[in-house]
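# Descriptive analysis of the structure
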Amino acid sequence: MAQNFEYALTNSSGMKKVVSFDGLEFPIIIAPTLHGEPLLTSQALYYLSRMESAVRIRFEKSELIPQHKSDRELERRFEYIIDNYLFEYSKKHPQEQVTSKITDFKYWRNDGYTYLGYDENNTLALALDTLNDDSIIEVSNDDLPTKDAWNDWCLVSNYTNEYIETYVNSMQSLLKKTVKVEIKDHEELGTGKFELPLVRVDDGILTYYQARMLEVLQPHRLDVKNGQVLISRGFKSDSNFTLPLEEIRASKYFDADLLSYYFAAVREHLPISKFRCFYNVLEYFFDEAFKELGEVAKTEREQISCVVRWVASPGDIKKFINSLDGFYKKNIEADLVTSSRVKINAVNISQPNLEQRISDWLYAIRCAIVHSKKTRKGNIEARLVPYSEDEKIAYLAVPIIQHLAILCIDRDGEVQI
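Residues numbered from 1 in each chain as written. Predicted model: local features only at pLDDT ≥ 70, side-chain atom pairs only at ≥ 80, totals over all residues. Heavy atoms only, no water.

### Looking at helix 8 (residues 316-323)
For helix 8, every residue scored as buried is listed here: Ile317, Phe320 and Ile321. Looking straight down helix 8, one finds its buried side chains confined to an arc of 95°; they lie on one side. Summarising the geometry of helix 8, the exposed residues directed more than 90 degrees from the buried face are Lys319 and Ser323. In the core, the buried residues of helix 8 are packed alongside helix 7 (300-311), helix 9 (326-332), helix 10 (354-370) and helix 11 (391-412). (Buried < 20%, exposed > 50% of the residue type's maximum accessible area, 1.4 Å probe, protein only. Helix = DSSP H or I, 4+ residues; strand = E, 2+ residues; numbered from the N terminus. Arc of directions from axis to C-beta. Contact = heavy atoms within 4.5 Å.)

Dropping the structure here:
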């Protein structure tokens, strides 16, 4: 018997596509989803750009599920495989903050049978299977006076289904409504007669029913044509729609601790916090890199230099910086003034020994983030203060240190045999 598993993701902007992963222990897909079984919080319309995403895992036979002694052990195995796949995705899309490292429980958990959780478990709805459960003798109220009148085992849905349908149809009709306007010397529109839409909407708007259809998507069960996935209940309908498909094949397993540091950085919103977590990845190799290079490194400045030169081949960082926009290059080639008024020296990417210059630059930023001393030996030190203009300095450093973190993890990874 087939078994499906679903895990919530967080992403800074909605993923307007389906991503299929293969190559490791089992395949997965990532697709937009409605987290937490919306019931009282159901919307008529949803924007793909505002929806979160979910990982879907499917095993056609229960014996194909990884061996495990507890549910927690199985969840940890799922999380590890998901992280390996998401790392491959992050390598292709480093600017996207997609991670499975979340703390809020999003889905219904079977803690009982009489009241089930909806709206991310903020609503507990009475569930009685009047059609199939012989132990239920009668269910009635003034609206539905006999057991046979209740068609949905989630009893409140016997009301909400009708309410939601009316709501969806009414709100959807607004998308086509226009008004005729005649104006003269309007500040924006000028003079003339116009027929204007009442609302303009972003691409990727879905009705409630279309958003709920996303739950049908499962690995190796995608209906794909010309790079588009059909989202359908299996029959022709005006509600059917398509989403682009991206396919990623993985070939390596990576260290679980490194992935945790990496995705902790991905999940953070403050650049200073992101920098610190990505730096943890580089720090993991401080005692290894200088040995690999055949050098001696006694200070942290020397150690980070060794890590950078170990993973980044000559010209790699320059090539990476040149792949970013010209605004970025212009900013790192200028002195950075911290809130303590102490400067972090500029980096000239045209000069030789760029890897060394970048490691010195990252080390200076690291010290300004880690240390909060007002003065050191009587001298004012560079400090980067969270929630201040200093975040702009850390923001500049994040793409480079993330790139180096990716190189470190990738180099450490074990090729799948």
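### Describing the packing of aromatic side chains
Note on aromatic pairs: each is described by the distance of the centres and the angle between the planes. Within the structure shown, the criterion is met by 19 aromatic pairs. When the centroid spacing of 6.0 Å and the interplanar angle of 75° are considered together, the rings of Phe5 and Phe59 count as edge-to-face. Here Phe59 lies in strand 5 (residues 53-59) and Phe5 lies in strand 1 (residues 3-8), a separation of 54 residues in the sequence. No difference in accessibility class separates Phe5 from Phe59, as the two residues are buried. Note on Phe285 and Trp310: the rings are 5.5 Å apart at their centroids and 50° apart in plane angle, and the pair reads as tilted. Within this pair, whereas Phe285 is found in the loop between helix 5 (271-283) and helix 6 (286-293), its partner Trp310 is found in helix 7, the two being separated by 25 residues in sequence. The exposure class assigned to Trp310 is buried, which follows from its relative accessible area of 9%. Pairwise contacts between aromatic rings join Phe5, Tyr7, Phe26, Phe59 and Phe78 into one cluster. (Phe/Tyr/Trp six-rings, centres within 6.5 Å; stacked < 30°, edge-to-face > 60°.)

### Here we look at the pairing of strand 6 (residues 115-118)
The pairing of strand 6 with strand 7 (residues 123-126) spans 4 bridges and is antiparallel. From the neighbouring strand, Leu116 faces strand 7, where its bridge partner is Ala125. Count of turn residues in the strand 6/strand 7 antiparallel hairpin: 4 residues, of which Asp119 carries a positive phi of about 50°. (Pairing = 2+ DSSP bridges.)

### Here's the deal with helix 5
The end-to-end C-alpha separation of helix 5 is 18 Å, in line with the 18 Å expected for 13 residues at 1.5 Å each. Counting buried positions over the 13 residues of helix 5 gives 10, a clear majority of the element. For helix 5, the set of buried residues is Pro271, Ile272, Ser273, Lys274, Phe275, Cys277, Phe278, Tyr279, Val281 and Leu282. Residues of helix 5 that are buried sit in contact with helix 4 (256-267), helix 6, helix 7, helix 10 and helix 11. (Expected span 1.5 Å × (residues − 1).)

### As for the environment of Leu116
Tracing the chain through its elements places Leu116 in strand 6. What makes Leu116 buried here is its relative accessible area of 9%. Distance in space between the C-alpha atoms of Leu116 and Cys154 is 8.4 Å, their sequence separation being 38 residues.

### A short note on the pattern of salt bridges
Side-chain pairs of opposite charge can arise whenever the charged atoms involved come near each other. Counting across every chain of the model gives 20 salt bridges. For the salt bridge of Arg221 with Glu60, the shortest nitrogen-to-oxygen distance reads 3.9 Å. Pair noted here: Arg221 is in the loop between helix 3 (208-213) and strand 11 (224-225) and Glu60 is in the loop between strand 5 and helix 1 (71-92), with a separation of 161 residues, a long-range link. A relative accessible area of 49% means that Arg221 is categorised as partly exposed. (Salt bridge = Lys/Arg side-chain N within 4 Å of Asp/Glu carboxyl O.)

### Section: the sheet that holds strand 12 (residues 228-231)
Taking strand neighbours across the sheet as the criterion, the 7 strands line up as 1-5-3-2-13-12-11 in an open arrangement whose pairing is mixed. Across the chains shown, the open sheet's two edge strands, defined by having one partner strand only, are strand 1 and strand 11. Looking at chain direction, strand 2 (residues 18-22) and strand 13 (residues 241-249) are connected through 5 bridges and run parallel. Residue Asp22 lies in a different strand from strand 13, and its bridge partner there is Arg249.

### Digging into the packing of helix 5 against helix 10
In the contact formed by helix 5 and helix 10, the axes pass within 11 Å of each other and the chain directions differ by 120°. On the basis of the axis angle, helix 5 is oblique to helix 10. Handedness of the helix 5/helix 10 crossing: left-handed. Contact with helix 5, carried on its side by Ile272, Phe275, Arg276 and Tyr279, involves Leu362, Tyr363, Ile365, Arg366 and Ile369 of helix 10 and no other residues of that element. Considered class by class, the residues forming the contact of helix 5 with helix 10 number 7 nonpolar, no polar and 2 charged. (Axes fitted to C-alpha atoms, helices over the stretch in contact; angles between N-to-C directions. Parallel < 35°, antiparallel > 145°, perpendicular 65-115°, else oblique. Left-handed = near helix turned anticlockwise from the far one by under 90°. Nonpolar A, V, L, I, M, F, W, Y, C, P; charged D, E, K, R; others polar.)

### As for the environment of Asp255
Along the polypeptide, Asp255 turns up in the loop between strand 14 (252-253) and helix 4. Sequence spacing of Asp255 and Met213 is 42 residues, and the spatial spacing of their C-alpha atoms is 36 Å. Apart from the residues within four sequence positions on either side, Asp255 is in contact with Tyr284 and Asp412. A polar side-chain atom of Asp255 sits 3.5 Å from a polar atom in the side chain of Tyr284. (Polar contact = N/O pair within 3.5 Å; in protein donor to acceptor, adjacent residues only side chain to side chain.)

### What to know about the packing of helix 4 against helix 5
At their nearest, the axes of helix 4 and helix 5 sit 7 Å apart, and the two run at 165° to each other. Considering the angle they form, helix 4 stands roughly antiparallel to helix 5. For the pair helix 4 and helix 5, the crossing hand works out as left-handed. In contact with Leu258, Tyr261, Tyr262, Ala264, Ala265 and Val266 of helix 4, helix 5 contributes Lys274, Cys277, Phe278, Asn280 and Val281. Residues belonging to the contact of helix 4 with helix 5 are distributed by class as follows: 9 nonpolar, 1 polar and 1 charged.

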